[in-house]
Amino acid sequence: TVFIGRDVRAAATNPIMNPSFEQVDAESGFAASWTPTYWSNPHGKVTLSTEARTGERCALIRGVPPAEITDGTPRNNNMVTQRLEHSVKGVRKLTLEFWFKAAPNATAYCSVMTHDAQGNQLQYMSSTKHQDVTEWTQLSLPISTAPETARLTVFLRNEGEGPVWVDDVSLRVADDVLENSL
């Protein structure tokens, strides 16, 4: 295989564990290495679906009707997350990519948060938001991490009531970025 204009090592490396949601944790019944996460009350529901883009499974994120949300800001904030503890450190150029579909009353997007070794938040970045996407579509979020980065968390999100399907997640890491104190 020949790659033109890209580093072969970077193309072959994906620090995301279980990127296609195929491996299921026997204890939780959810995708291994991923965590259903809810920042609104009542919670929506994050499950596995067989409507996958590739393989047999993908993640399905559903919200609740906005009138039922009891938080100060009545909006859904349901997601599936993965924390990368050791694979992304220091200054890096990254691109988070995943495939999604979204119902008309769903809002699909992603976010990335970085922390230093003491757990202090360094950065928080989000992609554009998308609704009513009936075909599998790839979403990309370019990221440049801070020198103090020791941990990175990926959030695949649904800010709406309807379903969002997510699959085939990758974090492309450019190997040509050096730490520089200039």
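Conventions and cut-offs
- Residues numbered from 1 in each chain as written.
- Predicted model: local features only at pLDDT ≥ 70, side-chain atom pairs only at ≥ 80, totals over all residues.
- Heavy atoms only, no water.
- Helix = DSSP H or I, 4+ residues; strand = E, 2+ residues; numbered from the N terminus.
- Buried < 20%, exposed > 50% of the residue type's maximum accessible area, 1.4 Å probe, protein only.
- Contact = heavy atoms within 4.5 Å.
- Areas by Shrake-Rupley, 256 points an atom, 1.4 Å probe, with all protein chains shown as cover.
- Pairing = 2+ DSSP bridges.
- Axes fitted to C-alpha atoms, helices over the stretch in contact; angles between N-to-C directions.

Chemist: Residues and numbers for the overall build of the chain, please.
Modeler: Of the regular secondary structure elements, the chain holds one helix and ten strands. Along the chain, helices (α) and strands (β) appear in the sequence α-β-β-β-β-β-β-β-β-β-β when read from the amino end. Counting across all 182 residues of the chain, residues that qualify as buried make up 47%. Look at the contacts in the chain between residues 6 or more apart in sequence, and 74% of them connect residues 24 or more apart. Carbon and sulfur atoms form 49% of the exposed surface of the chain, whose accessible area is close to 9,500 Å².

Chemist: Which residues make up the sheet that holds strand S6 (residues 108–115), and what values do they have?
Modeler: Strand order in this open sheet of five strands is S1-S4-S9-S6-S7, and the pairing throughout is antiparallel. The open sheet has two edge strands, strand S1 (35–38) and strand S7 (121–126), and neither has a second partner. Each strand axis lies, on average, 25° off the axis of its neighbour in the sheet, ignoring direction. Pairing between S6 and S7: five bridges, direction antiparallel. Across the sheet, the residue bridging to Thr 114 is Gln 123, located in S7.

Nothing here speaks to function; it is geometry throughout.
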